[in-house]
Amino acid sequence: MNIVERFLDYVKFDTQSDELTNLTPSTPGQMIFAQYLEKQLRAMGLEDISLDDNGYLMATLPANIDKDVPVVGFIAHLDTSPDMSGRHVNPRIVKDYDGKPIVLNEKEGVVLSPDEFPELLHYVGQDLIVTDGTTLLGADDKAGVAEIISAVQYLQEHPEIKHGKIRIAFNPDEEIGLGAHKFDVERFGCEWAYTMDGGEVGELEYENFNAAGVKITIKGRNVHPGYAKHKMINSIRVAGQLMQMLPRWETPEHTEGYEGFYHLVGIEGTVEQTTLSYIIRDHDRTRFESRKREIMHLVNKINNEYPDCCTAEIKDQYYNMREKIEPVKHIIDIAIKAIEDAGVTPKVQPIRGGTDGAQLSFKGLPCPNIFAGGLNFHGRYEFLPIPSMEKARDVVVQIARIVAER
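In what follows, the accompanying structure is described. These numbers come from a predicted model, not from an experiment.

1. With respect to the sheet that holds strand 10 (residues 203–205)
Phase 1: Strand order in the open sheet formed by eight strands is 1-2-8-3-9-16-10-15, and the pairing between neighbours is mixed. Looking at which strands have only one partner, the edges of the open sheet turn out to be strand 1 (47–51) and strand 15 (347–348).
Phase 2: Packed onto the sheet, helix 3 (residues 139–157) meets strand 2 (57–61), strand 3 (72–77), strand 8 (166–171), strand 9 (192–198) and strand 16 (369–371) and runs at close to 145° relative to strand 3.

The following block contains the structure:
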């Protein structure tokens, strides 16, 4: 099975995660996929294969060199985003892309156009895997899964490439921020690892957002509107007042690069009570802490006007892995060399998001993030250039070789 066949096989599995189930894995499709992969790994002859009750699958490609070589791991996640359906994914291959709009679904008028997605023009002349316009594709992160397994297969077929012991792992629930929570770092047994979960070809990331979730609850007082003067407190209106107090331009749609933001992700309310759900993101830890204090400052201002009306619950979700990677910067140097040796120009940049690698780094497993090749994740406009996926596989192979040589 080649890498394209492997990917097209994997996207058939419905593995959307669901943050509301409070289960691990959060959906049964992820375990079904993990069990399928387990059978493939056994058929390939890998060793130390384990699949636990939480859907964490691990395996070993033994070393083919009689030399003390660091154990390196490669990780991808099983789930797809809950933002859009991953059921009945029906991909197709656009051969030799010509730079024109791609009609994904004529009936529903869904078109993938370089006018809206100019990054398409970077892949003129390449074969692209696209959706049928009704689901996401699942390159995040089934491309990563396919790349890791295909790299292992390549190393098995080319024993002349010397490598140390390689560990691979596939985990559930990355898309809901829980992928690393039950990951057994000690059992994985690596000095460091790489997640194959980045975007376009060449990307290498070891900086991510510091992240927190915020739940603000505003309690109102409901009185008949005909007699409400000086009595009613409309929690919806108070919520709007608080939202307007946050910096207008510090939102996802107005920021880029290292700029952080406040992002309103949900609102639910009546006159009696309104709940606002925010996420806070910033690469800089000091600014991150300042953003959390600003939320509490605004809550206090609201309470000065409406005593004891407003409360906020802030929970940190993950931190910037940079502080854990910099002391072992050689693992970045190895990745850069591997990307170059695969014939790709490295693009070292911060992640405007999170990754399992961030949480794993704070659990003692330094874990930068390498491109998997897909673009426009989490929606119907997702696409995957086939050469990018092949290059990602080659990077895994090159890392294995470089680590053994050094």
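From this point, the narrative continues.
2. Considerations on the sheet that holds strand 17 (residues 383–385)
Phase 1: Taken together, three strands build an open sheet; the order of strands is 4-7-17 and the sheet is antiparallel. The two strands at the open ends of the sheet, each matched to only one other strand, are strand 4 (92–94) and strand 17. Taking each pair of neighbouring strands and ignoring which way they run, the sheet shows an average axis angle of 25°.
Phase 2: As judged from the three bridges shared by strand 7 (residues 128–130) and strand 17, these two strands associate in the antiparallel manner. When the sheet's bridge partners are listed, isoleucine 129 is paired in strand 17 with leucine 384.
Phase 3: Packed onto the sheet, helix 1 (residues 3–10) meets strand 4, strand 7 and strand 17 and runs at close to 5° relative to strand 7.

3. Looking at the side chain of serine 113
Phase 1: By the element assignment, serine 113 lies in the loop between strand 6 (110–112) and strand 7.
Phase 2: There is a polar contact of 3.1 Å between the side chain of serine 113 and the backbone nitrogen of aspartate 115.

4. Here we look at the nonpolar core
Phase 1: In this structure, Phe7, Leu41, Phe170, Tyr194 and Ile399 are the most contacted members of the largest nonpolar core, which totals 82 residues.
Phase 2: Sorting elements by how many residues they give to this core places helix 10 (residues 386–405) first, with 10 residues.
Phase 3: Every residue in contact with leucine 41, bar those within four places of it in the chain, is listed here: Leu46, Ile49, Leu57, Ala59, Ile149, Ile168 and Phe170.
Phase 4: By size, the runner-up hydrophobic cluster in this structure holds 21 residues, among which are Val214, Ile218, Leu242 and Leu246.

5. Regarding the side chain of arginine 281
Phase 1: Looking at the element boundaries, arginine 281 is found in strand 13 (residues 273–282).
Phase 2: No salt bridge is formed by the buried arginine 281; its nearest oppositely charged neighbour, aspartate 316, is found at 8.8 Å.
Phase 3: There is a polar contact of 3.5 Å between the side chain of arginine 281 and the side chain of tyrosine 318.
Phase 4: The contacts of arginine 281, once residues within four sequence positions are left out, are Phe209, Asn210, Ala211, Ala212, Gly260, Phe261, Arg291, Gln317 and Tyr318.

The rules we used
Residues numbered from 1 in each chain as written. Predicted model: local features only at pLDDT ≥ 70, side-chain atom pairs only at ≥ 80, totals over all residues. Heavy atoms only, no water. Pairing = 2+ DSSP bridges. Helix = DSSP H or I, 4+ residues; strand = E, 2+ residues; numbered from the N terminus. Contact = heavy atoms within 4.5 Å. Axes fitted to C-alpha atoms, helices over the stretch in contact; angles between N-to-C directions. Polar contact = N/O pair within 3.5 Å; in protein donor to acceptor, adjacent residues only side chain to side chain. Core = buried A, V, L, I, M, F, W, Y, C linked by side-chain atoms within 4.5 Å. Buried < 20%, exposed > 50% of the residue type's maximum accessible area, 1.4 Å probe, protein only. Lys, Arg positive; Asp, Glu negative; His and termini not counted. Salt bridge = Lys/Arg side-chain N within 4 Å of Asp/Glu carboxyl O.

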